[in-house]
Amino acid sequence: MQDIFELLNKIIHADISVLLEGESGTGKELVARALHYNGPRRDKAFIAQFCGNLSETLLESELFGHKRGAFTGAVADKKGLLEIADGGTFFLDEVSDIPPSIQAKLLRVLQDGEFRRVGDTETRRVDVRVISATNKPLHKEVEKGGFREDLFYRLNVITINMPPMRDRDGDLPLLARHFLNKYATKTATPEKRITPDAMRMLSGYHWPGNVRELENAIERAIVLAGDRDITPDELIIPRVAKAPGGSRSLREHERDYVMRTLDEMGGNKTKTAAALGVSLRWLHYKLAEWKDAGH
Ligand SMILES: Nc1ncnc2c1ncn2[C@@H]1O[C@H](COP(=O)(O)OP(=O)(O)OP(=O)(O)O)[C@@H](O)[C@H]1O
Ligand SMILES: [Mg+2]
C-alpha cells in the first residue's frame, strides 16, 4: 500500500487515465475518489457508472444520453453522464463488461473528446478524466478478444493493482483500528478495543471480501460487544482459515464457510453454489450430509 500511496501522489496532478485492477472490496472506488477529490478537477463532478451486466441500450444511453424517440421509452432528450461529468472525472466501474460497440464509442471520447447521443446526429464534446476499474485483469480480456486493444492502451496509461487483504498482513491491525475509530466518530461513542486473541483471529482469516468484509465484520462486532471489548465471540468469521495449527478441522471450516455464504445469499442455493464455485448438486449433497450429522 505504501508503494500505491507514492504512486497516487505522483499521478494526482497528471491528467492521465488510470486503470484500477483488484478483487472485489480492495478499495478501487476509494482510490478513484481520492484521485478526483485531491486533484485539479476536484471542483467539478465525479461520476461513476457501473458497466457490469447492463443491457447495451441502457448503458449507451446512460453514458452518452439520447434524443427523444431514439428508442421506445425515450420520451424526451436526455443528457448522458459523460456530459454531466464535463470538466470532472468519469469512473467506469467493471469496465471489462462494456460491449464492443460501446467500447468503440468510448475510444472516440478518449481520443477526440467526441460523442453523439443515441439517435442524434449532432457531435458533442466533453473533457473528462477517465478512471476505470475491473476485477478481471483487462489484458486477459484483450487476449481473449473481448476487449479492444486500442481502448485498453488508452485506459491504462497507469495501472494500479490493488492487493487483496490476505497479502496485506501488516495492514490488518491498522485498518481494524481505523474502522473502530470511524464507527466511534460516526456514532459519537467511545472507541472500542479489540482483545489480542480477537486480533489474532482477524489476522488468521483470509478475507475473501477484502477491506469491505473487514469493515462489516468490525461494525457487527462493535454492535454485538455492547459495552465490552471485542473478543473472538463477536467475530462471526470462520475460525482460523489461514494460520496453520488452527483448532478447527477442514471439515468444520468448510461447513462454516458454506453456511455463511448461504446466509449472505439470503438462503438462495443457486447463488450460493455460484459464489462458492461449486455445483448445485454438491451443495445439496453437503447440506444433506450436515443435516444427517445433526448440525
Ligand atoms: N485503505 C482503506 N481504508 C479505509 N477504508 C477502505 C480502504 N480500502 C477500502 N476501504 C473501504 O472498503 C469498502 C470497499 O471499497 P471499494 O468500494 O473502494 O472497493 P472496490 O474495489 O471498488 O470493490 P468492488 O470491486 O466490489 O466494487 C469501502 O467501504 C471503502 O471505503
Ligand atoms: Mg467498486
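Located above this text is the structure these notes cover.
Residues numbered from 1 in each chain as written. Chains lettered and ligands numbered in written order. Predicted model: local features only at pLDDT ≥ 70, side-chain atom pairs only at ≥ 80, totals over all residues. Heavy atoms only, no water.

Trainee: Looking at this structure, how should I read the overall build of the protein?
Mentor: Counting its regular elements, the protein contains 13 helices and nine strands. Expressed along its principal axes, the backbone C-alpha trace of the protein runs to roughly 65 × 45 × 35 Å. Buried positions account for 44% of the 295 residues belonging to the protein. Of the roughly 16000 Å² of accessible surface on the protein, a fraction of 50% belongs to carbon and sulfur atoms. (Helix = DSSP H or I, 4+ residues; strand = E, 2+ residues; numbered from the N terminus. Buried < 20%, exposed > 50% of the residue type's maximum accessible area, 1.4 Å probe, protein only. Areas by Shrake-Rupley, 256 points an atom, 1.4 Å probe, with all protein chains shown as cover.)

Trainee: What is the right way to read unusual backbone geometry from this model?
Mentor: Trans is the prevailing form of peptide bonds, just as negative phi is the prevailing case for residues other than glycine. Residue Asn-53 is not a glycine yet carries a positive backbone phi of 25 degrees. Its place among the elements puts Asn-53 in the loop between β2 (46-50) and α3 (56-64). The class of Asn-53 is exposed, set by a relative accessible area of 73%. The phi dihedral of Asn-210 is positive, around 55 degrees, even though this residue is not glycine.

Trainee: Before we go on, may I ask you to explain the site of ligand 1 in this structure?
Mentor: Of all residues adjacent to ligand 1, which total 15 residues, the nearest are Ser-24, Gly-25, Lys-28, Leu-30 and Arg-212. Here an oxygen atom of ligand 1 sits 2.5 Å away from a polar atom, N or O, in the side chain of Ser-24. In this structure, an oxygen atom belonging to ligand 1 sits 3.2 Å away from a main-chain N or O atom of Gly-27. For ligand 1, the accessible surface in isolation is 640 Å², of which the surrounding protein chains cover 79%. (Near = heavy atom within 4 Å. Polar contact = N/O pair within 3.5 Å; in protein donor to acceptor, adjacent residues only side chain to side chain.)

Trainee: Got a minute to help me understand the pattern of salt bridges in this structure?
Mentor: A side chain with one charge may pair with a side chain of the opposite charge, provided their charged atoms come close. Across all of its chains, the model carries 23 salt bridges by this definition. With its nearest N and O atoms 2.8 Å apart, the salt bridge here joins Asp-171 to Arg-168. Accessibility classification places Asp-171 together with Arg-168 in one group, the buried group. Here Glu-213 makes a salt bridge to Arg-260, at a shortest N to O gap of 2.2 Å. Taken together, the residues span a long stretch of sequence, with Glu-213 in helix α10 (residues 210-225) and Arg-260 in helix α11 (residues 250-264) at a distance of 47 residues. Across this residue pair, the class does not change: Glu-213 and Arg-260 are buried. Counted as one network, the salt bridges with shared partners bring together Glu-83, Arg-117, Asp-120, Glu-122 and Arg-124. (Salt bridge = Lys/Arg side-chain N within 4 Å of Asp/Glu carboxyl O.)

Trainee: I'm lost on helix α13 (residues 280-292) in this one. Help?
Mentor: For an α-helix, 3.6 residues make a turn, and residues three or four places apart therefore share a direction. In a regular helix each residue adds 1.5 Å, so 13 residues correspond to 18 Å; α13 covers 18 Å between its end C-alpha atoms and thus fits that length. Those residues of α13 that fall on the buried side of the exposure criterion are Leu-283, Lys-286, Leu-287 and Trp-290. Angular distribution of buried residues about the axis of α13 spans 100 degrees; they occupy a single face of the element. In α13, the exposed positions angled more than 90 degrees off the buried face are occupied by Arg-281, Tyr-285 and Asp-292. (Expected span 1.5 Å × (residues − 1). Arc of directions from axis to C-beta.)

Trainee: Before we go on, may I ask you to explain the nonpolar core in this structure?
Mentor: As a rule of thumb, nonpolar side chains are buried together in soluble globular proteins. By size, the foremost hydrophobic cluster in this structure holds 28 residues, and its most contacted members are Phe-90, Leu-92 and Leu-155. Taken together, the elements giving at least two residues each to this core come down to α3, α4 (81-84), β5 (89-93), α5 (100-112), α6 (138-144) and α7 (149-155). If one sorts the elements of this core by residue count, α5 sits on top with five residues. Excluding anything up to four places from it in sequence, Leu-155 contacts Ser-17, Val-18, Leu-19, Leu-92, Val-95, Leu-110, Val-130, Ser-132, Leu-138 and Phe-147. (Core = buried A, V, L, I, M, F, W, Y, C linked by side-chain atoms within 4.5 Å. Contact = heavy atoms within 4.5 Å.)

Trainee: Sorry if this is basic, but what is going on with the sheet that holds β2 here?
Mentor: Adjacent strands of a sheet form backbone hydrogen bonds with each other and so pair up, either parallel or antiparallel. Taking strand neighbours across the sheet as the criterion, the five strands line up as β2-β5-β8-β1-β9 in an open arrangement whose pairing is parallel. The two strands at the open ends of the sheet, each matched to only one other strand, are β2 and β9 (158-161). If you compare each strand with its neighbour and ignore which way they point, the axes differ by 20 degrees on average. Bridge analysis of strand β1 (residues 18-21) against β9 gives four bridges, and the strand direction is parallel. Bridge assignment links Glu-21 to a residue of β9, and that residue is Asn-161. (Pairing = 2+ DSSP bridges. Axes fitted to C-alpha atoms, helices over the stretch in contact; angles between N-to-C directions.)

Trainee: Explain the environment of Asp-112 here, please?
Mentor: Its location among the elements puts Asp-112 in helix α5. For Asp-112, a relative accessible area of 39% gives the class partly exposed. Along the sequence, Asp-112 and Arg-125 sit 13 residues apart, while their C-alpha atoms lie 8.2 Å from each other.

Trainee: Sorry if this is basic, but what is going on with the packing of aromatic side chains here?
Mentor: Between two aromatic rings, the relevant description is the distance of the centres plus the angle of the planes. With the rule as written, the count across this model stands at five aromatic pairs. Judged by centre distance (4.6 Å) and plane angle (80 degrees), the ring pair of Tyr-205 and Trp-207 falls under edge-to-face. Taken as a pair, Tyr-205 and Trp-207 share a single burial class, namely buried. Taken together, the aromatic side chains of Tyr-37, Phe-46 and Phe-91 make up a single cluster linked through ring pairs. (Phe/Tyr/Trp six-rings, centres within 6.5 Å; stacked < 30°, edge-to-face > 60°.)

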